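Each chain, letter by letter, is given below.
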Amino acid sequence: MSSFTYTTPPPFKPFDLTLIQLGGVGSDKAANLQHARDMILKAAHKGGQDDSRPKIIVLPEIFNSPYGHAYFPIYAETIGYIADKPYDTNNSPSDSVRMLSSVAKEIGTWIVGGSIAERGDDGKIYNTCELVAMHRKVHLFDIDIPGKMTFKESETLTGGSSIAFFDTEFARIGLGICYDVRFPEVAMINARKGCHVLIYPAAFNLTTGPLHWKLLQQARAVDNQVFFSMCSPARDTTASYHAWGHSMVVDPLGTVLAEAEHEESILHVYINPKVFDDARAGIPVTTQRRFDVYLDVSKKTS
Ligand SMILES: O=C(O)CCC(=O)C(=O)O
């Protein structure tokens with residue numbers, strides 16, 4: 001029987017989480033990166049509660065190119081990250097990683113760099129969120145709702161095969177990307193590993209957005225008693241893919257703390273650990289699980 005030891009998460013302290021519902025993404029990647037950089041600088045200098053500065057800034061899914069599987073191979077970048085090896089983001093072959101890394105240093109803020117199409121060492125293309133930690137979207141968005149929404153990411157993308165979190169000086173943050181939210185195990189595994197906040201760059205659409213965007217975030221927040229947030233691109237009705245927008249942060253009781261509309265905007269949200277502690281103390285499911293009856297999926301090692 002293997003033993004499972006997770007490192008101890010950092011103490012959970014209050015912080016300001018900032019989401020950038022990025023708009024203006026077109027075919028010119030350099031212009032997209034410049035705009036993302038400008039918006040990060042703008043977000044960094046506008047305070048959250050008590051006019052404090054954001055501690056984490058989040059970008060949406062596929063922030064550096066138009067969204068669509070035809071674009072992924074054209075815009076894919078090599079990141080140069082190899083698991084468990086020291087990784088120098090300053091010297092990454094990826095323009096997007098270098099931009100994110102330099103602006104993060106400039107403003108002294110953690111950045112969840114949305115996601116980009118990534119060309120892996122194996123030549124396959126992944127939908128990848130990374131900077132200090134790397135998460136390759138595990139579940140590819142292949143759906144077909146006749147007459148409404150058909151999308152097949154697996155035409156050009158490959159699903160990742162691991163689940164990532166990273167530690168900051170104020171919280172443990174778990175990652176997922178968009179469709180991963182429909183698979184409760186991804187959130188559950190990160191929550192069991194001690195994440196306080198789960199952040200998913202995402203880009204729902206005008207069919208499944210109104211149906212499930214909020215519901216899924218509330219579900220993942222409540223069943224894991226964590227803060228949960230998805231950050232969307234702004235809606236561009238001239239683009240081939242119409243994103244739902246409505247970037248959101250939900251607390252561990254399922255209360256929506258903040259929600260954007262569909263245009264470009266910045267959301268500043270105060271994350272209060274007391275809500276997390278009170279939710280877990282009042283409804284103590286985290287200590288009532290019956291792993292003698294069902295398996296703890298976070299303990300899968302292979
Ligand atoms: O799950 C959904 O409804 C949308 C998912 C999606 O847009 C994505 O994974 O990119």
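Residues numbered from 1 in each chain as written. Predicted model: local features only at pLDDT ≥ 70, side-chain atom pairs only at ≥ 80, totals over all residues. Heavy atoms only, no water.

The name an unreviewed UniProt entry assigns to the chain is Carbon-nitrogen hydrolase, from the organism Hygrophoropsis aurantiaca.

## Here's the deal with the pairing of strand 4 (residues 116–119)
We count it as follows: Here, strands pair whenever DSSP counts at least two bridges between them. Here a helix means four or more residues in a row that DSSP labels H or I, a strand means two or more in a row labelled E, and each is numbered from the N terminus.
Across four bridges, the pairing between strand 4 and strand 5 (residues 125–130) is antiparallel. Within the sheet, the bridge partner assigned to Ile116 lies in strand 5 and is Thr128. The turn joining strand 4 and strand 5, which pair antiparallel and follow one another in sequence, is formed by five residues; a positive phi near 85 degrees is taken by Gly123.

## Here's the deal with the nonpolar core
Note the cut-off: We call a set of buried Ala, Val, Leu, Ile, Met, Phe, Trp, Tyr and Cys residues a nonpolar core when their side-chain atoms join them within 4.5 Å. Throughout this description, buried means an accessible area under 20% of the type-specific maximum (1.4 Å probe, protein chains only), exposed means over 50%, and partly exposed covers the range between. Residue contacts are counted whenever heavy atoms from the two residues lie within 4.5 Å of one another.
Membership of the largest hydrophobic core comes to 46 residues, with the highest contact counts inside it found for Phe15, Leu17, Ile56 and Ile271. When near neighbours in sequence (up to four residues on either side) are disregarded, Phe15 contacts Lys55, Ile56, Phe170, Ala171, Ile173, Val197, Val269, Tyr270 and Ile271. Counting residues in each nonpolar core, the second largest holds 22 residues, with Phe63, Val97, Val103 and Leu131 among its members.

## What about the site of the ligand?
Our working definition: The criterion for a residue being near a molecule or strand is simple. One of its heavy atoms has to lie within 4 Å of it. Polar contact is the term for a pair of N or O atoms within 3.5 Å; when the atoms are in protein, one must be able to donate a hydrogen and the other to accept it, and sequence-neighboring residues count only if both atoms are side-chain atoms. Each accessible area value is a Shrake-Rupley result obtained with a 1.4 Å probe; residue values ignore everything except the protein chains displayed when judging cover. We call Asp, Glu, Lys and Arg charged. Ala, Val, Leu, Ile, Met, Phe, Trp, Tyr, Cys and Pro are nonpolar, and the rest, Gly among them, are polar.
In the vicinity of the ligand, the residues found are Glu61, Tyr67, Lys137, Phe141, Cys178, Tyr179, Arg182, Ala203, Phe204, Thr208 and Tyr241. Backbone polar atom of Tyr179 to an oxygen atom of the ligand: 3.0 Å apart, as the coordinates give it. The side chain of Arg182 places a nitrogen or oxygen atom 2.6 Å from an oxygen atom of the ligand. Relative to its free-state accessible area of 290 Å², the ligand is covered by the protein chains to the extent of 100%. Grouping the amino acids of the shell around the ligand by side-chain chemistry returns seven nonpolar, one polar and three charged.

## Topic: the pattern of salt bridges
What counts, and what does not: By salt bridge we mean one thing: a side-chain nitrogen of Lys or Arg within 4 Å of a carboxyl oxygen of Asp or Glu.
Applying the stated criterion across every chain, the model contains eleven salt bridges. Note that Glu61 is salt-bridged to Lys137, the shortest N-O span being 2.9 Å. One end of the pair, Glu61, is in the loop between strand 2 (56–58) and helix 2 (72–75); the other, Lys137, is in the loop between strand 6 (134–136) and strand 7 (142–145), and 76 residues separate them in sequence. Each member of the pair, Glu61 as well as Lys137, is classed as buried. The residue Asp296 makes a salt bridge to Arg192 at a minimum N-O spacing of 2.8 Å. Of this pair, Asp296 sits in the segment after helix 6 (273–282) while Arg192 sits in helix 4 (residues 184–192), and the two are 104 residues apart along the sequence. Shared partners join several salt bridges into a network, and the residues in it are Glu61, Lys137 and Glu153.

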